[in-house]
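# Residue-level structural notes
The primary structure of each chain is shown beneath.
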Amino acid sequence: MKLKMAFLSAAFLLLANVASAFTIRYYNKDSEKYTMEVRSNGSTQKIEFSSSTTSSASVQTSASEVEIKTECGWVKVKDGAKISIKNGCITIE
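The paragraphs below set out a description of the structure included in this document.

What counts as what
Residues numbered from 1 in each chain as written. Predicted model: local features only at pLDDT ≥ 70, side-chain atom pairs only at ≥ 80, totals over all residues. Heavy atoms only, no water. Buried < 20%, exposed > 50% of the residue type's maximum accessible area, 1.4 Å probe, protein only. Helix = DSSP H or I, 4+ residues; strand = E, 2+ residues; numbered from the N terminus. Pairing = 2+ DSSP bridges. Phe/Tyr/Trp six-rings, centres within 6.5 Å; stacked < 30°, edge-to-face > 60°. Lys NZ or Arg CZ within 6 Å of the ring centre and 35° of its normal. Core = buried A, V, L, I, M, F, W, Y, C linked by side-chain atoms within 4.5 Å. Contact = heavy atoms within 4.5 Å. Axes fitted to C-alpha atoms, helices over the stretch in contact; angles between N-to-C directions.

### Brief notes about the pairing of strand β5 (residues 65-70)
Judged by which residues are buried, β5 turns out to be one-sided: Val66, Ile68 and Thr70 face inward and are buried, whereas Glu65, Glu67 and Lys69, on the alternate face, are not. One ladder, built from three bridges, connects strand β2 (residues 34-40) with β5; its direction is antiparallel. Counted as the bridge partner of valine 38 is isoleucine 68 from β5. One ladder, built from six bridges, connects β5 with strand β6 (residues 73-78); its direction is antiparallel. Across the sheet, residue lysine 69 finds its bridge partner in β6, namely tryptophan 74.

Right, dumping it as structure tokens:
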């Protein structure tokens, strides 16, 4: 019985960790698609922003804030933020 509970607890923690995603709502004013580096919890990932569109982009992390490397430098963005992209730079709305 204890083994079963330990297995269920581990499965729940794994599922909770996998299900956490950081989502950004964006409007890319440029006709260029961007792939930018994202830093969170000591690791780096990539995030893609499609050209000339309004959409959402997600990164797998449990952090509530990430840093995105743009052509204008690093920008801190909070989970659920709305951003605009112009000339490769991010502006938080």
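### A closer look at the packing of aromatic side chains
To describe a pair of aromatic rings, one takes the distance between the centres and the angle between the planes. Applying the stated criterion across every chain yields a total of one aromatic pair. An angle of 80 degrees between the planes, with centres 4.8 Å apart, marks the rings of tyrosine 26 and phenylalanine 49 as edge-to-face. A residue pair is termed long-range when its members are at least 10 positions apart, and tyrosine 26 in strand β1 (residues 21-28) and phenylalanine 49 in strand β3 (residues 43-49) qualify at 23 residues. For the residue pair tyrosine 26 and phenylalanine 49, the accessibility class agrees, reading buried in each case. Geometry around tryptophan 74 places arginine 39 over its ring, the cationic atom sitting 3.7 Å from the centre.

### Concerning the nonpolar core
Core analysis: the biggest nonpolar cluster contains 18 residues, and Ile47, Phe49, Ile68 and Ile83 have the highest contact counts within it. Looking at this core, the elements that each hand over two or more residues are β1, β2, β3, β4 (53-60), β5, β6 and β7 (82-86). Apart from residues no more than four positions distant in its own chain, isoleucine 68 is found in contact with Ile24, Met36, Glu37, Val38, Phe49, Gly73, Trp74, Val75, Val77 and Ile90.

### Here's the deal with the sheet that holds β6
Taken in spatial order, the four strands make up an open sheet running β3-β2-β5-β6, and their pairing is antiparallel. Looking at strand neighbours, the two that pair on one side only are β3 and β6, the edges of this open sheet. Put simply, the sheet's adjacent strands are angled 35 degrees from each other on average, direction ignored.

Without other data, these values stay purely geometric and don't point to any function.
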